[in-house]
Amino acid sequence: MNLFDYVRPASIAEAVAAASEPGAAYLAAGTNLLDLMKGGAMRPSRLVDITRLPGLAKVETLPDGGVSIGAMVRNADLARDVDFATAYPAVAEALLSGASPQLRNAATVGGNLMQRTRCAYFYDAASACNRRDPGAGCDALGGENRSHAVLGWSDACIATHPSDFCVPLVALDAVVEIEGVNGSREMPLEEFLLLPGTTPEREHALETGEMIIALRLPRDAATFRSHARYLKLRERTSFAFALVSAAAALRIEDGTIVAARLSLGGVAARPWRARAAEAALEGSAPTTEAFARAADLALADARPSGDNAFKIELAKRVVTRAFLLASTGTPDRMPALPASAFSSDTGVTHHA
Ligand code: SF4
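Bear in mind the structure is a predicted one, so any value in this text is a computation, not a measurement.

1. Quick word on the nonpolar core
Counting residues in hydrophobic clusters, the biggest one holds 41 residues, and the most contacted among them are Y88, L113, F165, L189, F192 and L217. Excluding residues within four positions of it along the chain, L189 makes contact with L113, C166, L169, V170, A174, V175 and V176. By size, the runner-up hydrophobic cluster in this structure holds 31 residues, among which are L281, A290, A302 and V318.

Next comes the structure, spelled out in structure tokens:
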């Protein structure tokens, strides 16, 4: 039995103060944290329960045309928000492709960013893991690693970030709003999630006590609404993490791509934005050949970290297919199997 304090603050200021003690962790839905605590992979000395803090469960359109999503908005509520899903269809599709309905009903937007890798060695307290226990080594190197990273990995850690939601968010330049004892700050989500380098135990940019307040999508993000898809390859059709996924978004005018966005999931310790691929598409016609060239560019720096060379070719095909789907237009209705290569567009959730 691991003893820990349980604190339920009444305000954000109280929460930040309570979490500024080393070893403290915020508790939202707990869909990942409580599993990790039960398995002994995380042992916080204090849980700061933020589930009843006021004002954090709102989705608000901003005066500049962007949108703010409170950290305590539930994944299912955001995905089923018709205005949100209409403006940011790839984000809604990614949300509905993740986990199970029960988990999506509970899991929060802020928690989705903070979830830990699903590397099996990280969860097994008897295995060596630099991310859980700095300096211990990495049993995934040379172990069971076919789902591990092919981009941005290091000799210290080859794990991937498990989120679907974060993949289109990175493609659309989402910003994380943060509150701490020294006040507020914000940063791009792409920079918020860290690559392992020599310090894989540092997974995000939060300092001790800092808390995610909201996510923000800029006005520009909604301009991709007509041609935006999320495509996810996994080992079973539901309740599975991505082997490889891609968020692809296009702005097409008079048959020419004028802007492209691409981010890959399942390939690195954070969603992998592929700017060279985006730039190569701008000014092109939306053809299979152009998308295949973009896919080659997106994976140009990829290298296997173990038994996972197949993921590089798989990722190229997912990118090409995601752009092809996006180029044919965002479906009016959410696909019956969101983000699935086998989906039809006969689902019941309206985008428009
Ligand atoms: Fe730990 Fe990373 Fe190695 Fe997995 S890949 S065992 S998370 S250090």
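Back to the write-up after that little detour.
2. Observations concerning the environment of R202
Looking at the element boundaries, R202 is found in the loop between α10 (189-192) and β8 (211-217). Separated by 88 residues in sequence, R202 and M114 have C-alpha atoms that sit 11 Å apart. A polar atom in the side chain of R202 sits 3.4 Å from the backbone oxygen of H204.

3. Quick look at the confidence of the model for the protein chain
Residues of the protein chain with pLDDT of at least 70 account for 97%, and the chain-wide mean is 95. Below a pLDDT of 50 lies the segment residues 346-352, which in the model reaches 24 contacts outside its immediate sequence neighbourhood of four places, other chains included.

4. Regarding unusual backbone geometry
The backbone of F239 sits at a positive phi, close to 50°, despite the residue not being glycine. Along the chain, the position of F239 falls in the loop between β9 (228-233) and β10 (244-253). Owing to a relative accessible area of 46%, F239 belongs among the partly exposed residues under this scheme.

5. Side note on the layout of surface pockets
Its volume calculated, the second largest pocket comes out at about 560 Å³. Lining the second largest pocket are 26 residues, and of these R118, C119, A120, S147 and F241 sit closest to its centre. Counting residues per element, the lining of the second largest pocket draws most heavily on helix α8 (residues 120-123), which supplies three residues. Here the lining of the second largest pocket is built from residues that sort into eleven nonpolar, ten polar and five charged.

6. So, the packing of aromatic side chains
Evaluated as defined, the whole model comprises three aromatic pairs. Between F84 and Y88, the aromatic rings sit 4.9 Å apart at their centres with planes inclined by 45°, giving tilted as the arrangement. Of the two residues examined, F84 and Y88, each falls in the buried class. Their ring planes at 80° and their centres at 5.5 Å tell us that F122 and Y123 sit as a pair that is edge-to-face. Just above the ring of F224 sits the side chain of R251; from NZ or CZ to the centre is 5.0 Å.

7. So, the site of the ligand
Near the ligand, the surroundings consist of 15 residues, among which C119, C129, C138, C157 and I158 are the closest. Split into classes, the residues belonging to the shell around the ligand amount to eleven nonpolar, three polar and one charged.

8. Things to note about the packing of helix α12 (residues 288-298) against helix α13 (residues 310-327)
Viewed as axis vectors pointing N to C, α12 and α13 meet at an angle of 140°, and their least axial separation amounts to 8 Å. Here α12 is positioned oblique relative to α13, judged by the angle of their axes. Relative to α13, α12 is oriented so that their crossing is right-handed. The segment α12 lies against α13, with T288, F291, A292, A295 and D296 engaging K316, V319, T320, F323, L324 and S327. For the contact of α12 with α13, the residue count by class is six nonpolar, three polar and two charged.

9. Quick look at the pairing of strand β6 (residues 175-180)
Relative to strand β7 (residues 183-188), β6 runs antiparallel, the two sharing six bridges. In the sheet register, V175 faces β7, and the bridge partner there is P188. Counted between consecutive antiparallel strands, the loop separating β6 from β7 contains two residues. With five bridges joining them, β6 and β8 adopt antiparallel strand pairing. When the bridges of β8 are listed, E179 appears paired with M211.

What counts as what
- Residues numbered from 1 in each chain as written.
- Predicted model: local features only at pLDDT ≥ 70, side-chain atom pairs only at ≥ 80, totals over all residues.
- Heavy atoms only, no water.
- Core = buried A, V, L, I, M, F, W, Y, C linked by side-chain atoms within 4.5 Å.
- Buried < 20%, exposed > 50% of the residue type's maximum accessible area, 1.4 Å probe, protein only.
- Contact = heavy atoms within 4.5 Å.
- Helix = DSSP H or I, 4+ residues; strand = E, 2+ residues; numbered from the N terminus.
- Polar contact = N/O pair within 3.5 Å; in protein donor to acceptor, adjacent residues only side chain to side chain.
- pLDDT = per-residue confidence, 0-100.
- 1 Å grid on protein atoms, 1.4 Å probe; cavity = no way out; pocket = protein on both sides within 12 Å on 5 of 7 lines; lining within 4 Å.
- Points joined across faces, edges and corners; volume = space filled by probe spheres on them.
- Nonpolar A, V, L, I, M, F, W, Y, C, P; charged D, E, K, R; others polar.
- Phe/Tyr/Trp six-rings, centres within 6.5 Å; stacked < 30°, edge-to-face > 60°.
- Lys NZ or Arg CZ within 6 Å of the ring centre and 35° of its normal.
- Near = heavy atom within 4 Å.
- Axes fitted to C-alpha atoms, helices over the stretch in contact; angles between N-to-C directions.
- Parallel < 35°, antiparallel > 145°, perpendicular 65-115°, else oblique.
- Left-handed = near helix turned anticlockwise from the far one by under 90°.
- Pairing = 2+ DSSP bridges.

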